[in-house]
Amino acid sequence: MKITNDIIYIGVNDHDIDLFEGQYVVPNGMAYNSYAIMDEKIAIMDTVDARFTHQWIDNIQNALEGRKPDYLVIQHMEPDHSANILNFIKAYPETTVVSSQKAFVMMQNFFGTDFAENRIVVGEGSTLSLGKHSLTFVTAPMVHWPEVIVTYDSLDKVLFSADGFGKFGALDADEDWACEARRYYIGIVGKYGAQVQALLKKAATLDIAKICPLHGPILTENLGYYLDLYNTWSSYQPESEGIVIAYTSVYGNTKKAVMLLAEKLKAKGCPKVVVTDLARSDMAEAVEDAFRYNKLVLATTTYNAEIFPFMREFINHLTERNYQNRTVALIENGSWAPMAAKVMKGMFEKSKNITFTDTTVKILSALNDESTAQLEALAEELCGDYLAMENSTANKNDLTALFNIGYGLYVVTCNDGKKDNGLIVNTVSQVTNTPNRIAVTINKENYSHHVIKQTGKMNINCLNTDAPFAVFEKFGFVSGRNVNKFEGCEALYSDNGLVFLPRYINSFMSLKVEQYVDLDTHGMFICSVTEARVINNTESMTYAYYHANVKPKPNASKGYVCKICGYVYEGDVLPEDFICPLCKHPASDFEAVK
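### Some words on the pairing of strand β25 (residues 428-433)
Looking along a regular strand, one sees side chains alternate from face to face of the sheet.
Logical step 1: Pairing geometry for β25 and strand β26 (residues 436-443), over five bridges, is antiparallel. The partner of N433 across the bridge, within β26, is N436.

Encoded structure:
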């Protein structure tokens with residue numbers, strides 16, 4: 001299979017395997033990918049599993065048509081990719097092995113030799129010329145072993161990504177990429193989100209046209225889709241709105257409670273409810289769902305003054321993969337001394353940003369009126385934001401939304417008649433309460449200022465502390481005149497016809513402009529409130545919280561920081577005409593990073 005004019009696929013499909021890495025069910029097999037780069041010199045990229053030695057060597061011979069390879073590049077030393085290094089060298093003894101220093105140490109451990117007399121050790125930024133093709137090596141430690149490198153071919157703009165962007169399933173499997181790639185990533189790479197984030201930042205500097213992983217299909221189109229998913233997974237953010245109920249049940253009473261809760265959640269507008277019996281389901285699938293959705297209910301029995309073994313195993317899978325940024329609810333069942341909720345909560349004590357619901361359901365053997373009422377209260381708590389977002393069930397005159405206004409950060413949304421738009425502001429205040437009046441100040445250079453002045457309406461979205469940095473990048477760093485900031489987003493609309501954010505807000509208000517005050521560089525809109533909804537009780541995003549917990553810390557020793565909002569410009573020289581993308585203050589309000 002030709003990937004480009006000079007790059008040929010020489011990997012193999014494995015339809016005999018039942019468990020990958022001894023634990024992951026792979027009904028559609030696996031692909032062990034290897035590639036040949038044909039140039040003045042020939043490079044073979046990685047080997048394959050030991051069971052496919054002859055098929056792989058045949059593939060190489062057919063691709064090379066009598067020529068001999070010059071280099072064997074080993075990016076990753078797991079045996080499904082490195083097992084045939086010795087067999088390859090026996091077939092082509094004049095080939096030079098190219099890999100990282102740590103990989104050669106592992107080769108000594110695996111094969112009893114580190115190829116000291118016939119090798120090239122590469123590290124970050126090392127290059128290898130094949131003729132027209134120049135390979136640049138990028139270190140990727142702990143993605144997901146310490147020796148990993150990835151390789152970039154600048155001529156064909158191909159990234160050989162090692163295990164990154166891989167998935168379960170042979171290449172001839174007809175299945176959705178995301179489902180099996182998500183299960184693969186979370187199960188195998190999920191613990192190392194910080195390292196994946198570091199690699200994604202390096203990849204962002206490259207002009208990539210194709211991605212060639214060591215498992216799964218070659219990615220050639222819409223690469224932004226795959227990169228966005230990897231960014232979401234590796235930053236431990238929920239991918240979708242929904243509630244997973246993971247349970248164990250001995251005699252069926254806990255299951256009855258779970259099924260009743262699932263009905264209540266669906267009736268209250270939850271967009272997706274996933275119910276998993278941990279004793280009968282694929283554990284990897286259950287873990288995948290817990291990471292995919294933003295809310296999790298754990299229901300189990302007290303068992304030997306502990307919790308049921310399958311539940312303990314499930315929670316261990318979550319915590320060892322750095323499960324975070326989720327809402328978790330607990331249901332416990334115990335006939336005489338319920339302990340399950342306490343034990344489950346304790347297992348998350350080292351997890352980051354886990355919000356437990358106020359309601360914990362306690363069942364004493366079987367459901368009764370009290371525990372059934374607790375299920376109802378839990379459903380209300382879990383679905384409060386869904387009910388508030390649905391026009392038919394929302395309280396549209398909940399003026400307690402005004403209490404969420406502070407010195408914080410907001411997304412102002414509007415519409416220019418063609419598309420929805422939004423921007424980050426930090427100047428929102430309540431100026432009167434009889435009647436309620438809100439003042440919103442916006443820099444005149446912002447496109448939204450122009451739109452709102454024409455239309456006379458806007459929505460104020462009160463960001464909460466769940467909002468990731470990606471929200472600020474989308475709404476604060478680019479102009480809505482040139483970019484559709486809601487492209488690909490499932491839009492929700494208030495009664496005034498304007499969009500409001502489906503996630504990361506605790507409330508929003510629809511405003512009608514009653515008065516405009518010209519403030520030279522800015523304009524102040526004095527507005528009445530036409531609709532106000534409280535979505536959830538998550539704390540509002542303040543400037544202090546944003547800088548302490550959300551905004552990436554600058555890793556440059558040189559740069560300039562905005563004295564007004566703390567935004568950091570990384571660079572040796574700050575342009576004189578630079579405008580802060582967050583607070584819109586000029587370069588004169590910046591000072592050098594010390």
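Following the structure, the description resumes.
### Description of helix α14 (residues 469-476)
Logical step 1: Buried residues of α14: F469, V471, F472, F475 and G476, and no others. One side of α14 carries all its buried residues, which in axial view fall inside an arc of 155°.
Logical step 2: On its buried side, α14 packs onto β23 (410-415), β24 (420-425), β27 (457-463) and α15 (543-550).

### Some words on the packing of aromatic side chains
Logical step 1: For the structure shown, the criterion picks out 29 aromatic pairs.
Logical step 2: Within the aromatic cluster, the residues linked to one another by ring pairs are F165, W177, Y185, Y225, Y226, Y230 and W233.
Logical step 3: If you follow R119 out to its NZ or CZ, it ends over the ring of F104, 4.7 Å from the centre.
Logical step 4: Residue placement shows K345 over the ring face of F356; its charged tip is 5.1 Å from the ring centre.

### Focus: the environment of L72
Logical step 1: Mapping L72 onto the fold places it in strand β8 (residues 71-73).
Logical step 2: Along the sequence, L72 and I42 sit 30 residues apart, while their C-alpha atoms lie 8.7 Å from each other.
Logical step 3: Beyond its immediate chain neighbours, meaning those up to four positions away, L72 contacts I44, D46, T47, I85, F88, T95, T96, V97 and V98.

### Here's the deal with the nonpolar core
Logical step 1: Within the largest apolar cluster, 93 residues are counted, with the highest numbers of intra-cluster contacts made by F20, I44, L296, L298 and F314.
Logical step 2: Sort the elements by how many residues they give to this core and helix α5 (residues 177-189) lands first, with eight residues.
Logical step 3: Excluding residues within four positions of it along the chain, I44 makes contact with I10, S34, Y35, A36, W56, I60, L64, P69, Y71, L72, V73 and F88.

### Comments concerning the sheet that holds β25
Logical step 1: The antiparallel open sheet is built from seven strands, whose spatial order is β24-β23-β27-β30-β31-β26-β25. Edge positions in the sheet fall to β24 and β25, since each has one partner strand and no second. Across this sheet, the average inter-strand angle for adjacent strands is 35°, counted without regard to direction.
Logical step 2: Taken together, the seven bridges between β26 and strand β31 (residues 522-534) define a ladder with antiparallel strand orientation. Counted as the bridge partner of I442 is G523 from β31.

### A look at the pattern of salt bridges
Logical step 1: Under the counting rule described, the total for this entry stands at 24 salt bridges.
Logical step 2: Here D207 ties to K157 by a salt bridge, and the two come within 2.9 Å at their closest N and O atoms. Linking D207 in the loop between α6 (193-203) and β15 (210-212) with K157 in the loop between β13 (149-153) and β14 (158-160), this pair joins segments that are 50 residues apart in sequence.
Logical step 3: Overall, the relative accessible area of 34% leaves K157 in the partly exposed class.
Logical step 4: Between E320 and R321 there is a salt bridge, with the nearest N and O atoms lying 2.8 Å from each other.
Logical step 5: The class for R321 is buried, based on a relative accessible area of 7%.
Logical step 6: Connected via shared salt-bridge partners are E180, R183, D282 and E285.

### Focus on the pairing of strand β12 (residues 134-139)
Logical step 1: Where strand β11 (residues 127-129) meets β12, three bridges bridge the pair, whose relative direction is antiparallel. Across the sheet, the residue bridging to L128 is L135, located in β12.
Logical step 2: The hairpin formed by β11 and β12 contains four residues between the paired strands, and G131 there has a positive phi angle of roughly 130°.
Logical step 3: In terms of strand pairing, β12 meets β13 through five bridges, oriented antiparallel. Within β13, the position partnered with T139 by the bridge is I149.

### Quick look at the side chain of T95
Logical step 1: Note that T95 resides in the loop between α3 (85-91) and β9 (96-99).
Logical step 2: Under the relative-accessibility criterion, T95 is labelled buried at 1%.
Logical step 3: Leaving out residues up to four positions away in the same chain, T95 has contacts with P69, D70, Y71, L72, F88, I89 and N118.

### Regarding the sheet that holds strand β33 (residues 568-569)
The strands making up a sheet are joined through hydrogen bonds of the backbone, oriented either antiparallel or parallel.
Logical step 1: Taken in spatial order, the three strands of this open sheet run β33-β32-β34, and their pairing is antiparallel. Sheet topology places β33 and β34 (590-592) at the edges, where each strand pairs with a single neighbour.
Logical step 2: For strand β32 (residues 560-562) and β33, the ladder comprises two bridges, and the chain directions are antiparallel. For Y560, the partnering residue across the bridge sits in β33 and is Y569.

### Regarding helix α8 (residues 253-267)
Logical step 1: In a regular helix each residue adds 1.5 Å, so 15 residues correspond to 21 Å; α8 covers 22 Å between its end C-alpha atoms and thus fits that length.
Logical step 2: For α8, every residue scored as buried is listed here: T254, A257, V258, L261, A262, K264 and L265. Angular distribution of buried residues about the axis of α8 spans 165°; they occupy a single face of the element. Exposed and facing more than 90 degrees away from the buried side of α8 are K256, E263, K266 and A267.

### What to know about unusual backbone geometry
Logical step 1: Each neighbour pair has its own omega, and for V143 with H144 the value is 5°, a cis peptide bond.
Logical step 2: Structurally, H144 can be placed in the loop between β12 and β13.
Logical step 3: The linkage connecting T434 with the following residue, P435, adopts the cis geometry, with an omega of 0°.
Logical step 4: With a phi close to 55°, K157 is a non-glycine residue in the positive phi region.
Logical step 5: Unlike most non-glycine residues, Y504 shows phi in positive territory, near 70°.
Logical step 6: Residue placement: Y504 occurs in the loop between β29 (499-500) and β30 (505-519).

### Some remarks on the environment of K264
Logical step 1: Tracing the sequence through the fold places K264 in helix α8.
Logical step 2: We classify K264 as buried; its relative accessible area is 18%.
Logical step 3: Sequence separation between K264 and F469 is 205 residues; the distance between their C-alpha atoms is 33 Å.
Logical step 4: Residues contacting K264, with those up to four places away along its chain left out, are L375, E376 and A379.

### A closer look at the packing of α8 against helix α12 (residues 369-389)
Logical step 1: Put simply, α8 and α12 touch, their axes get as near as 9 Å, and they point 40° apart. If you check the angle between α8 and α12, you find them oblique. Between α8 and α12 lies a crossing whose hand is right-handed. Contact residues: A257, L260, L261, K264 and L265 in α8; T372, L375, E376, L378, A379, L382 and C383 in α12.
Logical step 2: When its residues are assigned to classes, the contact of α8 with α12 shows nine nonpolar, one polar and two charged.

Here is what the cut-offs are and how they apply
Residues numbered from 1 in each chain as written. Predicted model: local features only at pLDDT ≥ 70, side-chain atom pairs only at ≥ 80, totals over all residues. Heavy atoms only, no water. Pairing = 2+ DSSP bridges. Helix = DSSP H or I, 4+ residues; strand = E, 2+ residues; numbered from the N terminus. Buried < 20%, exposed > 50% of the residue type's maximum accessible area, 1.4 Å probe, protein only. Arc of directions from axis to C-beta. Contact = heavy atoms within 4.5 Å. Phe/Tyr/Trp six-rings, centres within 6.5 Å; stacked < 30°, edge-to-face > 60°. Lys NZ or Arg CZ within 6 Å of the ring centre and 35° of its normal. Core = buried A, V, L, I, M, F, W, Y, C linked by side-chain atoms within 4.5 Å. Axes fitted to C-alpha atoms, helices over the stretch in contact; angles between N-to-C directions. Salt bridge = Lys/Arg side-chain N within 4 Å of Asp/Glu carboxyl O. Expected span 1.5 Å × (residues − 1). Parallel < 35°, antiparallel > 145°, perpendicular 65-115°, else oblique. Left-handed = near helix turned anticlockwise from the far one by under 90°. Nonpolar A, V, L, I, M, F, W, Y, C, P; charged D, E, K, R; others polar.

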